[in-house]
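Given next are the chains, with one letter for each unit.
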Amino acid sequence: MDSPFAPAPRRPDAILGDVAAGRRISAGDAHRLLADGDLLELGRAAHEVRDRLNDRAVATYNVDRNINYTNICVYKCRFCAFYRPPGHEEGYLVPFEEIGRKVEETLALNGTGVLLQGGVNPDLPLAYYVDLVTFLRENYPAIHRHCFSPPEIKFIARKERMSFFDVIATLKQAGLMSIPGGGAEILSDRIRKEVQAYPKASPEEWIDVMRQAHANGLKTTATMMFGMGEDLAARVEHLQRIRDLQDETSGFTAFIAWTFQHENTDMPEVPETFAHEYLKTVAVARLFLDNVTHLQSSWVTQGKKIGQAALAFGADDMGSIMIEENVVSAAGAHYTMTQDEMEHLVRAAGYEPKQRTNLYERFVTREETAPLAARYRHALTPELRDRASALLPVVARGEVVPRHPDASRGGAARG
Ligand code: SF4
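Residues numbered from 1 in each chain as written. Predicted model: local features only at pLDDT ≥ 70, side-chain atom pairs only at ≥ 80, totals over all residues.

K.L.:
Looking at this model, I keep getting lost on the overall build of the protein chain. Mind explaining?
P.N.:
Helix and strand counts for the protein chain come out as 18 helices and ten strands. By the burial criterion, 51% of the 415 residues in the protein chain qualify as buried. (Helix = DSSP H or I, 4+ residues; strand = E, 2+ residues; numbered from the N terminus. Buried ≥ 20, exposed ≤ 12 C-beta atoms within 10 Å, placed from the backbone.)

K.L.:
Can you walk me through unusual backbone geometry in this structure?
P.N.:
Glycine aside, residues mostly have negative phi, and peptide bonds are mostly found in the trans state. If you check the backbone angles, F148 has positive phi at about 70° while not being a glycine. With respect to the helices, strands and loops of the structure, F148 is situated in the loop between strand 4 (144-147) and helix 6 (150-160). A positive phi angle, close to 55°, is found at S250, a residue other than glycine. Residue placement: S250 occurs in the loop between helix 10 (232-249) and strand 7 (252-259).

K.L.:
Would you mind going over the site of the ligand with me for this structure?
P.N.:
Near the ligand you find C73, Y75, K76, C77, C80, F82, Y83, G119, V120, P151 and K200, and these make up its full shell. Residue composition of the shell around the ligand, grouped by class: eight nonpolar, one polar and two charged. (Near = placed C-beta within 6 Å. Nonpolar A, V, L, I, M, F, W, Y, C, P; charged D, E, K, R; others polar.)

K.L.:
Would you mind going over the nonpolar core with me for this structure?
P.N.:
As a rule of thumb, nonpolar side chains are buried together in soluble globular proteins. Among the nonpolar cores identified, the biggest contains 117 residues, and F255, V282, V284, A285 and L287 are the most heavily contacted of them. Sorting elements by how many residues they give to this core places helix 11 (residues 275-288) first, with eight residues. Filtering out sequence-adjacent residues up to four positions away, L287 remains in contact with V19, I25, L33, A45, A46 and V49. (Core = buried A, V, L, I, M, F, W, Y, C linked by C-beta atoms within 7 Å. Contact = placed C-beta atoms within 7 Å.)

K.L.:
In this structure, what is going on with helix 1 (residues 12-20)? I would like to understand it.
P.N.:
Every α-helical turn comprises 3.6 residues, leaving residues that sit three or four positions apart pointing alike. Turning to helix 1, its buried residues number three or more, namely I15, L16 and V19. For helix 1, the buried positions fall inside an angular range of 100° around the axis, keeping them on one side. In helix 1, the exposed positions angled more than 90 degrees off the buried face are occupied by D13, A14 and A20. G22 sits one or two positions beyond helix 1 and adopts a positive phi of about 85°. (Arc of directions from axis to C-beta.)

K.L.:
Please clarify how helix 5 (residues 126-139) should be interpreted in this entry.
P.N.:
Between its first and last C-alpha atoms helix 5 spans 20 Å; for 14 residues at 1.5 Å apiece the expected length is 20 Å, and the two agree. Those residues of helix 5 lying buried are Y129, L132, V133, F135, L136 and N139. For helix 5, the buried positions fall inside an angular range of 150° around the axis, keeping them on one side. Lining the buried residues of helix 5 we find helix 4 (96-108), strand 4, helix 6 and helix 7 (164-174). (Expected span 1.5 Å × (residues − 1).)

K.L.:
Whenever I open this one, the pairing of strand 4 confuses me. Can you help?
P.N.:
Side chains on a regular strand alternate between the two faces of the sheet. Note that strand 3 (residues 113-116) and strand 4 share four bridges and pair parallel. Within the sheet, the bridge partner assigned to L116 lies in strand 4 and is C147. Crossover connection from strand 3 via helix 5 to parallel strand 4: handedness right-handed. (Pairing = 2+ DSSP bridges. Right-handed = clockwise from strand over helix to strand, strands pointing away.)

K.L.:
How do you make sense of the environment of D166 when you look at a structure like this?
P.N.:
As for its position among the elements, D166 is in helix 7. Residue classification places D166 among the partly exposed positions, given that 15 C-beta atoms sit within 10 Å. For the pair D166 and Q212, spaced 46 residues apart in the sequence, the C-alpha separation amounts to 8.7 Å.

K.L.:
Hey, could you run me through the pairing of strand 7 in this one?
P.N.:
Extensive coverage of strand 7 is indicated by the burial of eight of its eight residues. By the bridge criterion, seven bridges tie strand 6 (residues 219-226) to strand 7 in an arrangement that is parallel. Within strand 7, the position partnered with T221 by the bridge is A254. The parallel pair strand 6 and strand 7, bridged by helix 10, forms a crossover whose chirality is right-handed.

K.L.:
Please clarify how the confidence of the model for the protein chain should be interpreted in this entry.
P.N.:
Interpretation of this model should avoid reading the predicted coordinates in detail wherever pLDDT is low. With 90% of its residues at a pLDDT of 70 or more, the protein chain shows a mean pLDDT of 90. Segment residues 390-415: pLDDT under 50, and 46 contacts once partners within four positions in sequence are set aside and those in other chains are kept. (pLDDT = per-residue confidence, 0-100.)

K.L.:
Is there a simple way to explain the packing of helix 9 (residues 203-215) against helix 10 in this structure?
P.N.:
Axes are the key here: two packed helices are described by the angle between their axes and the distance separating the axes. At a minimum axis separation of 11 Å, helix 9 and helix 10 run at an interaxial angle of 25°. If you check the angle between helix 9 and helix 10, you find them roughly parallel. Along this stretch, helix 9 crosses helix 10, giving a crossing that reads as right-handed. Residues P203, I207, M210, R211 and H214 of helix 9 form the contact with helix 10, whose participating residues are R241, L245 and T249. (Axes fitted to C-alpha atoms, helices over the stretch in contact; angles between N-to-C directions. Parallel < 35°, antiparallel > 145°, perpendicular 65-115°, else oblique. Left-handed = near helix turned anticlockwise from the far one by under 90°.)

K.L.:
Which parts of the structure should I look at to understand the environment of T170?
P.N.:
Tracing the sequence through the fold places T170 in helix 7. A tally of 19 C-beta atoms within 10 Å means that T170 is categorised as partly exposed. When the C-alpha atoms of T170 and L126 are compared, they prove to be 8.8 Å apart, with 44 residues separating the residues in sequence. Look past the residues within four positions of T170 in its chain and what remains in contact with it is L126 and V130.

Following this line, the structure appears as structure tokens:
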């Protein structure tokens, strides 16, 4: 029997006709579109789906920070330039006090959340993660805590001999609010074995962690990193797994696809994925994932201009301004953006820019973020002060705001 991920024997225009009529397309259809679809026609169709699911006048973004609390990792994914093995002289574990300082900088830049994700550090028990989330909740209750990707959850569960559900329930009780979709790359056994990502999480394990997060009432994101030399059938298999779980749980808030960055990795021979393929993949993902409301562009790997263009190919959200990012920057992507620039990019693409909450529930106003931003003004480094720009009057005036008395409470540094 033919693989369900082989290209369907249909013409792209017939498949796009189904999309226009609101009919779901198959994995084979998605493969056919990736292989033979015309970029601009795919973009037009994806844009219509985007408008069906989202406010057509608005494109959103958020302000948050990736905090990579450790780079020590027991795994050796071939595409990863970030990890250091246990015992390596460049291995680190960020102390709680330093994490607190980074959160304060985030709040001072109108940020609403942090994404905590590390290597899979074998020395850290569940109690470490509970303490970390508790530290954030007690000291910075306003910050959204989006933490620990499926490979981290899986490792904790194995180490503690607990189920995925129970690990997530314990972390939720401590203050975990949602789970990032990292570590998915391509959810295909064959590809994961080739790039040595299978040990950290098989496709079934990645999906099951997300299923258990959703069963715990936590929302998560879904991601795909492509361009590692995999074939189109593997990308389509990945999309199918995401859509199937979303049919079951409705727990994914958004889908984010980005391209493999090869610098400093064990795969330098893999050619770069350029804009045409990136935009085509975004558009087909928008057409196929009819049950995932939001689709982010990836300006962090594609640059601002292609990130902006993705808004015409099915994306409705620009993701975060990324106050800090260490993982893709270790592999060669070095883009940064201020909130000013983000709003300019969105406006220039024909949309009203709106900062949103981390779970896409609503828009965030500057009036809402300003009091916390003012309170943590002291935390900004000169470089980050520039990035605050004129959006926050108290920052522009250079006023020094006293340190909040709660800011240093409960921060036992570790490691
Ligand atoms: S991708 Fe994650 S799990 Fe794999 S080596 Fe890098 S840090 Fe470790």
